[in-house]
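For reference, the chains in residue letters:
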Amino acid sequence: MMKILPCGCVRRLADIINDEESGSLWSQLPIDILVSIALFLDKNDAVQFCSTCKAWALVAPLVKQPKAKAPLLLLPPDSDGTCELFDVTHRKTHFIHAPEIMKTEMLYSRDGWLLASGNGFTFFLNPFTKEKIQLFPSRVPRYLCAFSSQPVLPDCLVFFIRSLYPNRVRIEMYRVHSKKMTDATFRNEKPFKQASTNPVFCNGYFYCLGKDGKLGVFNPRDLIWTISSPRADTDFKKSEVKYLIQSRGELFVACEAGAKVRVFWLERSKMKWTEMKKLGKRMLFLHSNSSFLAGTDSDEHNVNRIFFPRMRRYTRKCCVSFSLDACRYHPSRELFECRNFDSDMMKPLWIEAEEFDPLAKLVQS
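Residues numbered from 1 in each chain as written. Predicted model: local features only at pLDDT ≥ 70, side-chain atom pairs only at ≥ 80, totals over all residues. Heavy atoms only, no water.

Novice: Explain the overall build of the protein chain to me, please; I cannot follow it from the model alone.
Specialist: Regarding its fold elements, the protein chain presents seven helices and 25 strands. Split into buried and exposed, the 365 residues of the protein chain put 51% on the buried side. Counting contacts in the protein chain only where the partners sit at least 6 residues apart, residues at least 24 apart contribute 49% of the total. (Helix = DSSP H or I, 4+ residues; strand = E, 2+ residues; numbered from the N terminus. Buried < 20%, exposed > 50% of the residue type's maximum accessible area, 1.4 Å probe, protein only. Contact = heavy atoms within 4.5 Å.)

Dropping the structure here:
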């Protein structure tokens, strides 16, 4: 139990953390929560925060100023293992040699890492640094998945939904550091129909989106599965195509409904999906596997825009996008379609590339 200090007694944060009685509790806070705290600090305070103890020092590589770079669209590799990386905000194409992802299925993307399945194994790959972490033999069928943090961090969890019915769900969780697999089946206290979008990890929990706006919430620490029912309007519930996004401890949902795209954020105090008319100086990058909300360092034309991984079939010089300001697709949505990926296991996927230097590592077209 933490000590209660007399009035007027002030202790440095480092002293509290290193206290024999409380140190173990503070050092065991999930990385995701620590990052959320550190992001609210200014640069100097964030440096001190990360130097408090060894456990908190792991946050340092993840604590940066708000991201300016948008994710890149990773396209399937050619026969020689060369992949295209398309920067949609600047309309530039780069190339990277990544034969490791040939004949594989890209399951999820986060922090520059890919979770992939192929050649008999499920594995992590950082296509920029070439780091690869093999996990376990691939098993089918795979349904939905996500991971909590970079796999090089000691608390990284890989989360799978193996089967999901309205009244029950089967979950598998793999601890990368200890190589331990947990398999459990839970009954839903409320009927739950999963939307076709991968889960996300936010504030220490895995969240799954239901077709009607409900949230399946998995607590990996206590192995508890619950159903939450935020209020949502009728159009939100009827939308067949939804994307779940997490950013800086907040949850967002983008809904495609015919000629319109609507964006909502979870107003936790009211337990309600509240519509957003503006994204601020940010952009959305949507994909059923991994979606991102990012800032922009490009021109104002890209502000309040939503990008999809659908490229012009022949020229492929830009992706279809939706403007929240003009409330329309640009250019006409009917003019766009991805090149034929039906024969490929891998679909185009957004990937963050914060430390990526195309001039040093790629040949730019």
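Moving on, there is more to tell.
Novice: Help me out: how do you make sense of unusual backbone geometry in this one?
Specialist: Outside of glycine, negative phi angles account for most residues, and trans bonds account for most peptide bonds. Although it is not a glycine, Asn203 sits at a positive phi angle of roughly 55°. Structurally, Asn203 is set in the loop between strand S12 (200–202) and strand S13 (205–209). Of note in this structure, Asn304 is not a glycine but carries a positive phi near 60°. Structurally, Asn304 can be placed in the loop between strand S21 (292–295) and strand S22 (305–311).

Novice: Just checking my understanding: could you explain the sheet that holds strand S2 (residues 82–87) for this structure?
Specialist: Within a sheet, adjacent strands bond to each other through the backbone by hydrogen bonds, running parallel or antiparallel. With antiparallel pairing, the four strands of this open sheet are ordered in space as S3-S2-S1-S25. Each of the sheet's edge strands pairs with one partner strand only, and the pair in question is strand S3 (92–97) and strand S25 (349–351). Across this sheet, the average inter-strand angle for adjacent strands is 35°, counted without regard to direction. (Pairing = 2+ DSSP bridges. Axes fitted to C-alpha atoms, helices over the stretch in contact; angles between N-to-C directions.)

Novice: Teacher, can you tell me more about the side chain of Asn126 here?
Specialist: For Asn126, the position within the fold is in strand S6 (residues 121–126). Since its relative accessible area comes to 9%, Asn126 is described here as buried. Separated by 3.2 Å, the side chain of Asn126 and the backbone nitrogen of Thr129 make a polar contact. Not counting residues up to four positions away in its chain, the partners in contact with Asn126 are Gly112, Trp113 and Glu131. (Polar contact = N/O pair within 3.5 Å; in protein donor to acceptor, adjacent residues only side chain to side chain.)

Novice: Can you help me understand the packing of aromatic side chains in this one?
Specialist: Each aromatic ring pair is described using two quantities: the centre-to-centre distance and the angle formed by the ring planes. All chains considered together, the criterion is met by 18 aromatic pairs. A ring pair is formed by Phe322 and Tyr329, whose centres lie 5.1 Å apart and whose planes are at 70°; its orientation type is edge-to-face. Each member of the pair, Phe322 as well as Tyr329, is classed as buried. Through successive ring pairs, a cluster of aromatic residues spans Phe159, Phe186, Phe201, Phe206 and Phe218. Against the face of Phe123 rests Lys132, its NZ or CZ located 4.5 Å from the ring centre. Just above the ring of Phe160 sits the side chain of Arg162; from NZ or CZ to the centre is 4.6 Å. (Phe/Tyr/Trp six-rings, centres within 6.5 Å; stacked < 30°, edge-to-face > 60°. Lys NZ or Arg CZ within 6 Å of the ring centre and 35° of its normal.)

Novice: It is not clear to me how the pairing of strand S9 (residues 157–165) should be interpreted in this structure. Could you clarify?
Specialist: For S9, the buried fraction is high: seven of the nine residues fall into the buried class. As paired strands, strand S8 (residues 144–147) and S9 are joined by four bridges and run antiparallel to one another. Within S9, the residue paired with Phe147 across the bridge is Val158. For S9 and strand S10 (residues 168–175), the ladder comprises eight bridges, and the chain directions are antiparallel. What sits directly across from Tyr165, in S10, is Arg168. Linking S9 back to S10 in an antiparallel pair, the connection comprises two residues.

Novice: Honestly, the nonpolar core in this entry has me stumped. Any pointers?
Specialist: Ranked by internal contacts, the top residues of the largest apolar core, which has 47 residues, are Leu115, Phe124, Val158, Trp225 and Trp273. In terms of residue count, the dominant contributor to this core is S9 (six residues). Formed by 17 residues, the second largest nonpolar core is a distinct cluster that contains Val261, Leu284, Ile306 and Phe308. (Core = buried A, V, L, I, M, F, W, Y, C linked by side-chain atoms within 4.5 Å.)

Novice: Quick question: what am I supposed to make of the pairing of strand S5 (residues 113–118) here?
Specialist: A regular strand carries its side chains on alternate faces of the sheet. Of all six residues in S5, six are buried, a share of seventy percent or more. Burial of the side chains of S5 extends over both faces: Trp113, Leu115 and Ser117 are buried on one face and Leu114, Ala116 and Gly118 on the other. For strand S4 (residues 105–110) and S5, the ladder comprises five bridges, and the chain directions are antiparallel. Residue pairing for S5: Glu105 is matched across the bridge by Ser117. With five bridges joining them, S5 and S6 adopt antiparallel strand pairing. If you follow Gly118 over to S6, its bridge partner there is Phe121. Between S5 and the antiparallel strand that follows it, S6, lie two residues; Asn119 among them carries a positive phi value of about 55°.

Novice: When you look at the sheet that holds strand S18 (residues 260–267) in this model, what are you seeing that I'm missing?
Specialist: The four strands lie next to each other as S16-S17-S18-S19, forming an open sheet whose pairing is antiparallel. In the strand order of this sheet, the two ends are held by strand S16 (241–247) and strand S19 (272–276), each with one partner. Sheet twist, expressed as the average angle between the axes of neighbouring strands with direction ignored, equals 30°. Pairing between S16 and strand S17 (residues 250–257): seven bridges, direction antiparallel. When the sheet's bridge partners are listed, Val241 is paired in S17 with Glu256.

Novice: I'm lost on the environment of Gln134 in this one. Help?
Specialist: Note that Gln134 resides in strand S7 (residues 131–137). Between the alpha carbons of Gln134 and Ser117 there is a distance of 10.0 Å; along the sequence they are 17 residues apart. When sequence neighbours within four positions are dropped, the list of residues in contact with Gln134 reads Phe121, Thr122 and Phe123.

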